[in-house]
Amino acid sequence: QVQLVESGGGLVQAGGSLRLSCAASGRTFSSYGMGWFRQAPGKEREFVAAISWSGGRTYYADTVKGRFAISRDNAKTTVYLQMNSLKAEDTAVYYCAVRDPGTTAWDQRRGYDYWGQGTQVTVSS
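> Please give an account of unusual backbone geometry that cites residues and values.
Unlike most non-glycine residues, Thr77 shows phi in positive territory, near 45°. By the element assignment, Thr77 lies in the loop between strand E7 (68-73) and strand E8 (78-83). In the Ramachandran plot, Ser85 falls in the positive-phi region, its phi being about 50° despite a non-glycine side chain. What makes Ser85 partly exposed here is its relative accessible area of 40%.

Below is the structure:
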């Protein structure tokens, strides 16, 4: 089993920044890719960013490219999402997830097999 606990969400004004954290336990963290997704009210859960097991490869949705940065600290078994220049449309519940190593997809929900409970990010305009 894998446990993922997100933190760092909150209320921020447009143009501001937040850093989300996702602490993992129960699996060899450094062996797996990790991803961040988000879900706004009434919308499907969508891909935000992903990072390979070593941190050497990162992937971003076009909507956040240049504003968000994903990183990981394998010693702390934690993955981060630094979010800058936040916009009202970034408002959502943000989830971290463990990537299924048997999949080729980085930006598809079906490519991830363990999920955290989510953390709310609200950006006021």
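> Help me get a handle on the sheet that holds strand E3 (residues 18-25), residues and values and all.
Spatial ordering of the open sheet is given by E1-E3-E8-E7, a layout of four strands whose pairing is antiparallel. Two strands lie at the open edges of the sheet, namely strand E1 (3-7) and E7, each paired on one side alone. For this sheet, the mean angle separating the axes of adjacent strands, direction not counted, is 15°. Relative to E8, E3 runs antiparallel, the two being bridged by six bridges. When the bridges of E8 are listed, Cys22 appears paired with Val79.

> A description of the pattern of salt bridges should follow, citing residues and the corresponding values.
If you walk through the whole model with that rule in mind, you get four salt bridges. The salt bridge involving Arg38 is made with Glu46; its shortest N-O contact spans 2.6 Å. Judged by its relative accessible area of 37%, Glu46 falls in the partly exposed class. Between Arg67 and Asp90 there is a salt bridge whose closest N-O contact spans 2.7 Å. Placement of Arg67 in the loop between strand E6 (58-60) and E7 and of Asp90 in the loop between E8 and strand E9 (92-99) is noted, with a sequence separation of 23 residues between them. Under the relative-accessibility criterion, Arg67 is labelled buried at 12%. Judged by relative accessible area, Asp90 falls into the buried class, the value being 1%.

> Lay out the state of the cysteines in plain terms, naming residues and giving numbers.
Covalently bonding the sulfur atom of one cysteine to the sulfur atom of another cysteine gives a disulfide. Going through the model one piece at a time under the given rule, you end up with one disulfide. The partner cysteine of Cys22 in its disulfide is Cys96, sulfur to sulfur 1.9 Å. Around the S-S axis, the bridge from Cys22 to Cys96 shows a dihedral of about 50° and counts as right-handed. Pair noted here: Cys22 is in strand E3 and Cys96 is in strand E9, with a separation of 74 residues, a long-range link. When its relative accessible area of 0% is taken as the criterion, Cys22 is described as buried.

> Account for the side chain of Ser52, naming residues and giving values.
Note on placement: Ser52 falls in the loop between strand E5 (46-51) and E6. Excluding anything up to four places from it in sequence, Ser52 contacts Gly33, Arg57, Arg72 and Trp106.

Reading guide: rules and limits
- Residues numbered from 1 in each chain as written.
- Predicted model: local features only at pLDDT ≥ 70, side-chain atom pairs only at ≥ 80, totals over all residues.
- Heavy atoms only, no water.
- Helix = DSSP H or I, 4+ residues; strand = E, 2+ residues; numbered from the N terminus.
- Buried < 20%, exposed > 50% of the residue type's maximum accessible area, 1.4 Å probe, protein only.
- Pairing = 2+ DSSP bridges.
- Axes fitted to C-alpha atoms, helices over the stretch in contact; angles between N-to-C directions.
- Salt bridge = Lys/Arg side-chain N within 4 Å of Asp/Glu carboxyl O.
- Disulfide = S-S within 2.5 Å.
- Contact = heavy atoms within 4.5 Å.

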